[in-house]
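Next come the chains, spelled out residue by residue.
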Amino acid sequence: MTVPAYRRILLKLSGEALMGENSYGIDRDTIGRIAAEIKEVVDMGVEVGVVIGGGNIFRGVAPAAAGMDRATADYMGMLATVMNALALQDAMRHIGLESRVQSALNIEQVAEPYIRGKALRYLEEGKVVIFGAGTGNPFFTTDTAAALRGMEMNVDIVLKATKVDGVYTDDPKTNPEAMRYKTLSFDEAITRNLKVMDATALTLCRDQNMPLCVFSIFKRGALRRVVMKEDEGTLVTA
C-alpha cells in the first residue's frame, strides 16, 4: 500500500512533546524532528492541521498559578500554546514546509484569527494549519480543542501524539505485563477511564463518529505509519 489511508488529519501535539529531555521549555532538536515528521506525510499528499498544547511553558509558571482564578490560569495556558505554535511554524519554515498559525484569541500582531473558511482553504492548498489558544474559552482542554477543530476541518481522523506508543491495560513503565490495545471503542475508553483523552473530547469524538489514534511522536516514522494505517498506536472508534 503506497497511498495514505487518510486524506486529511488533525494532529494533537502536547506541549510536553516539545520539551525533549528538558524539564520545561522547547528543545530545538525535538521540535525540528517533529516538523520533519509532519513534512514527510505532507509530501505524501496528506493535509495536516495541528492543535498544540502549552504544558511545557505553563509548567514553569504553574507554582505561581496555584490558587489563581481558574479562568485567568487557563488564558495564560492559551497564550503558551500560541508561543508553541509560533515555534513550530518557525521550525517548519526552516525545512521548507509552509504553514499558517491561527489563534482562537485575537492577537493579530502575531497570528491571524481562527477563521474556518480560511483554514480549510489553507489545507486544500497543502499548507499546514497550526491552531493555537485552544478553543479560546477557559475550562476546556486542548484535547477538546483538537476534537472540535478536527470536526470543523472535516478531517478523516484525529491523531493524539504522546510519549507512549498507544493505550495500555496498565502503566507500561511500572508494569512490564501491560499490553497495548490495538483497537478500542470510545465506550470502553470512557468506562475504563483509560486516559486516552479527557472525557469531553472522547464524548465529542464518539458522538460525531470521529476515529482517534493514540501513538508516540517519539518513535521515528510513527506518524507516517499511522497515516498508512499500519500497526502503530491504538485506534479508537465508535
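So, how was this worked out
Residues numbered from 1 in each chain as written. Predicted model: local features only at pLDDT ≥ 70, side-chain atom pairs only at ≥ 80, totals over all residues. Heavy atoms only, no water. Pairing = 2+ DSSP bridges. Helix = DSSP H or I, 4+ residues; strand = E, 2+ residues; numbered from the N terminus. Contact = heavy atoms within 4.5 Å. Axes fitted to C-alpha atoms, helices over the stretch in contact; angles between N-to-C directions. Salt bridge = Lys/Arg side-chain N within 4 Å of Asp/Glu carboxyl O. Buried < 20%, exposed > 50% of the residue type's maximum accessible area, 1.4 Å probe, protein only.

A.B. asks: Would you mind showing me how to read the sheet that holds strand β5 (residues 128-132) here?
C.D. replies: Strand pairs in the sheet, formed through backbone hydrogen bonds, run parallel or antiparallel to each other. A sheet is described by the order of its strands in space; here 9 strands give the open sequence β4-β3-β5-β2-β1-β6-β10-β11-β9, paired in mixed fashion. Each having just a single partner strand, β4 (112-113) and β9 (183-185) make up the two edges of the open sheet. Here strand β6 (residues 157-162) runs beside strand β10 (residues 212-216); their pairing, made up of 5 bridges, is parallel. Counted as the bridge partner of Ala161 is Phe215 from β10. The sheet contacts of helix α1 (residues 28-42) involve β1 (8-13), β2 (47-52) and β5, and relative to β2 the element is tilted by about 155°. On the sheet, helix α6 (residues 142-152) packs against β1, β2, β5 and β6 and is oriented at approximately 170° with respect to β1.

A.B. asks: Is there a simple way to explain the pattern of salt bridges in this structure?
C.D. replies: As a working rule, side chains carrying opposite charge can pair if their charged atoms are close by. With the rule as written, the count across this model stands at 22 salt bridges. As a salt-bridge pair, Glu47 and Arg8 come within 2.7 Å of each other at their nearest N and O atoms. With Glu47 in strand β2 and Arg8 in strand β1, the pair connects residues that are 39 residues apart, well separated along the chain. Here the two residues Glu47 and Arg8 agree in accessibility, since each one is buried. Each of Arg7, Arg8 and Glu47 takes part in salt bridges that share partners, so that together they form one network.

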